Every structure is written in structure tokens, then in C-alpha cells.
Amino acid sequence: MNISICPKPTGYLMKTRLLQQTSYWSIIKEDLGWIPGAFDILTENESIGDVLILQKQLGDGLSMAYAPYGPECFPEEELTGTYLVKLSQELKEHLGPGCIFVRFDIPWESPYADDPERYDGEGNWMGLPETRLMELRMNWGVESVGLRKAPSDLLPPDTIILDIKQKDDDLFGRMHPKTRYNIRLADRHEVIVREGTADDLPLWNTLYRETAGRNNITPHGPEYFNPLLEKKTVSPGEDHTDIKLLVAEAGGIPLAAMFMSVSSDRAAYLYGASSDSQRNLMAPYALQWHAIRTAKQEGCTSYDFFGVSPSPDPAHPMYGLYRFKRGFGGDLFHRQGAWDFPYDESAYVQYRGAEFTAPGFNV
């Protein structure tokens, strides 16, 4: 496969519905310590797309490179491995001698999503096969060092995508009866949803810490969310991209909040949090329904719920999110997850071993 790349300013990244591949996202991540870079992907000197690469310093002169939901341009399925290996090789000279590997959090649908042998008798997806088999398939035809399945996905591979081109009444009618009931219940309790500002970040952080404690997860620090609401100056040619903070309240008391992104024709639920008190008012349901309707007003045609368990398995740590988000309708979508191409095998093995002890999503 004949692939080459050409560096360019991050402000000239192409329009995309994938927020994490926009110049807007490059500014956010730069504020959080990442080093962004943008590259056109060429074949026969013609552009077939581009990719945002974020680089992170690891100490001792070492770094890692990361393509969040990139590259978006998709080759023929049987060429996936050779395409990503060639792209990795082309990127190497632009990443510096200390870069030990590049990771692609691939946005394309998993080839196992259409495999009938990966579904049980009730039609539920049973997930991915063992890593060894996935790596054999990914590296079919690769003649050099191959790709490795990453020990953790930095972005959620399994999600629910809701088509929101329908009328509100049709969307509401297609929800699970319990979801409709809880939305109506929140309305009866006069739960209202408003758009927040940077002044609401302390409120958000309080709700977020409560949620993290309730779910036994390690929270980000307050500074992590500050860049999300700062105004960004991007290329005039970039399609509509924005991040909103939505807050659900009852009687002036904040009960739930979420960050929603808008990029081109897609909205996404990035982060959510809720209070430990008055959970009977069902504020998260009012919040999501408001977010969906806001996305429609912004001109979006789809809504990404951004992270669920791959199937309705009560033992899965994300099953609660699956049950909640599935109630709003939509279709499950299984991405390919994160894949690594090592440049320094010894350093990569050490990093990989440390990562096994601290997996988790981190957009």
C-alpha cells in the first residue's frame, strides 16, 4: 500500500463528526499538556483524509503518540493492518526519536460486529475474540513489525448511536416505556435544564466527585474540565464545533449535569454526573432528553451516547450505563478499539506492563 503523509497546521484539519479529530479538540488537549500535530494522508499524491496526532511526554526523554478516534479515513477491510503499519512508519520521523509507540483508537466498526458467530441465541453480541486471534487478523499480510491490541482503550469502543432526524414525538415514542415514564416524572417534579457557563464549573466538579465516589472511580482534577468551556479560535473553514455544559435543577438545587459536544452533524454525550440526593426526581433522564432536543436544534442528525457495555451483561462494570442509555433507543455500535505500533520494543513492553494496572477511559 502506497501511503505518505504531509504535516499541516492543526487549524486546517478537515470537517468531521468526530470531535476528537477536530482542530477544536487539538486546542483542548494542548491546554491539558498534549502536543498536537496534523497530517494529510496521501496516496498517489492525492489526499484521502487526515489525522490528528497527540503526543504526550512520559519522562526521561520518552513520549507516546495517540490518534483519538483516528484516522477517520477507512481502507478496504483486508488492508487495515498494512494501512495502519504504513501510516505508523510514515509518522515516525515526525514524532521524534523518543517516541516509543503510536496508538490508534480506531473509530471504524469492528469486523466482529457483523460476525454471526459472535452473537448468542438471544441476539446479544458476545464481544471480541481473544487477543491473539484479533492480532492475527489485523496483521494479515503485514511483512514487518505488526500492530498490538492495546491493554486499554482510552476512548470507549462500544456505544449507542441514536438517529435524531425524526420528530420529537417519534423519538419519544420509540423509547423504553420506563424511560418515557421517568422523563414525565422529572417534568412533574419541575426538573428544569439550563445551559451552564464557566461559572458553573465548581458546581459540575461537586457533582462529578459525588458520582466518582459512588462508582469507585478515580476522578480527574478540576483543571481537567476547565478547557472544555473556554472559547476556541479555530480555522474559519472548520464546521460547527462546540461543547456545552447542561445542568438539571429542581427548586434551584443542581441534581445532574453533563458535557455535550457538537461536531458537524453529530452530538455526543461526553461526561455526566449526578447528585447523591433526590435521585427519585429522575434528573438524568430530563437532562438526556433535553440534550437530544438541543442537538436537533443545532442541526445534528445523530447522537452518540458515548460508552456502554458491549451487551446487556449485568456483570459488566458499564452495564448500568447500557441500561440507562439503551432506554432512549438507538443502535449499538462496536468500534475496533485501540491498537499500538511500537517503535521501541523494550520501552513499549515496560509501558504496556504499567498500563495493565491502570486501564480505563480517558478522552
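Relevant structure appears above.
Here we summarise the structure given alongside this text.

## Brief notes about unusual backbone geometry
Now for step 1: With an omega dihedral of 0°, the bond running from Gly-70 to Pro-71 counts as a cis peptide bond.
Now for step 2: Counting through the fold element by element, Pro-71 comes out in the loop between strand S4 (62–67) and helix H2 (80–95).
Now for step 3: At Gln-278, a position not held by glycine, the phi torsion is positive, near 50°.
Now for step 4: Looking at the element boundaries, Gln-278 is found in the loop between strand S11 (266–274) and helix H7 (283–297).

## Overview of the environment of Ser-4
Now for step 1: Of note, Ser-4 is situated in strand S1 (residues 4–8).
Now for step 2: The partly exposed category is assigned to Ser-4, whose relative accessible area is 23%.
Now for step 3: For the pair formed by Ser-4 and Leu-229, sequence separation is 225 residues and the distance between their alpha carbons is 36 Å.
Now for step 4: Apart from residues no more than four positions distant in its own chain, Ser-4 is found in contact with Asp-40, Ile-41, Leu-42 and Glu-90.

## Comments concerning the pairing of strand S10 (residues 253–263)
Now for step 1: Of all the 11 residues making up S10, 9 are buried; the element is thus mostly covered by neighbouring parts of the structure.
Now for step 2: Relative to S10, strand S9 (residues 241–250) is paired through 10 bridges, and the arrangement is antiparallel. The residue of S10 that forms the bridge with Leu-246 is Met-258.
Now for step 3: What sits between the antiparallel neighbours S9 and S10 is a turn of 2 residues, in which Gly-251 has the positive phi angle 60°.
Now for step 4: The pairing of S10 with S11 spans 8 bridges and is antiparallel. Paired with Met-260 across the two strands is Tyr-269, which belongs to S11.
Now for step 5: Hairpin connection of S10 to S11: 2 residues between the antiparallel strands, including Ser-264 at a positive phi of 60°.

## Describing the pairing of S9
Now for step 1: For S9, a buried count of 10 out of 10 residues is recorded, marking the element as mostly surrounded by other parts of the structure.
Now for step 2: Judged by which residues are buried, S9 turns out to be covered on both faces: Thr-241, Ile-243, Leu-245, Val-247 and Glu-249 on one side and Asp-242, Lys-244, Leu-246, Ala-248 and Ala-250 on the other are all buried.
Now for step 3: Of the pairings in the sheet, the one linking strand S8 (residues 192–195) to S9 comprises 4 bridges and is antiparallel in character. Its bridge partner lying in S9, Val-193 is registered against Ala-248.

## Let's talk about helix H5 (residues 177–188)
Now for step 1: Counted at 1.5 Å a residue, the expected span for H5 with its 12 residues is 16 Å, and the 16 Å between its end C-alpha atoms agrees.
Now for step 2: Buried residues of H5: Thr-179, Arg-180, Asn-182, Ile-183, Leu-185 and Ala-186, and no others.
Now for step 3: Just downstream of H5 lies Glu-190, where phi reads positive at about 60°.

## A word on the side chain of Lys-244
Now for step 1: Mapped onto the elements of the fold, Lys-244 is located in strand S9.
Now for step 2: For Lys-244, the side chain forms a polar contact with the side chain of Glu-298, separated by 3.3 Å.
Now for step 3: Ignoring sequence-local partners within four residues, the contact set of Lys-244 consists of Glu-195, Leu-229, Met-258, Phe-259, Met-260, Thr-294 and Glu-298.

## Describing the nonpolar core
Now for step 1: Residues Trp-204, Phe-225, Leu-228, Ile-243, Phe-259, Leu-270 and Tyr-271 are the most contacted members of the largest nonpolar core, which totals 38 residues.
Now for step 2: In terms of residues, this core owes the most to one element, helix H6 (residues 201–214), which gives 5 residues.
Now for step 3: Not counting the four nearest positions on each side in its chain, Trp-204 is found in contact with Phe-225, Leu-245, Ala-257, Met-258, Phe-259, Tyr-271, Gly-272 and Ala-273.
Now for step 4: Among the nonpolar cores identified, the runner-up in size contains 36 residues, and Ala-256, Ala-286, Tyr-303 and Phe-305 belong to it.

Definitions and limits used
- Residues numbered from 1 in each chain as written.
- Predicted model: local features only at pLDDT ≥ 70, side-chain atom pairs only at ≥ 80, totals over all residues.
- Heavy atoms only, no water.
- Helix = DSSP H or I, 4+ residues; strand = E, 2+ residues; numbered from the N terminus.
- Buried < 20%, exposed > 50% of the residue type's maximum accessible area, 1.4 Å probe, protein only.
- Contact = heavy atoms within 4.5 Å.
- Pairing = 2+ DSSP bridges.
- Expected span 1.5 Å × (residues − 1).
- Polar contact = N/O pair within 3.5 Å; in protein donor to acceptor, adjacent residues only side chain to side chain.
- Core = buried A, V, L, I, M, F, W, Y, C linked by side-chain atoms within 4.5 Å.

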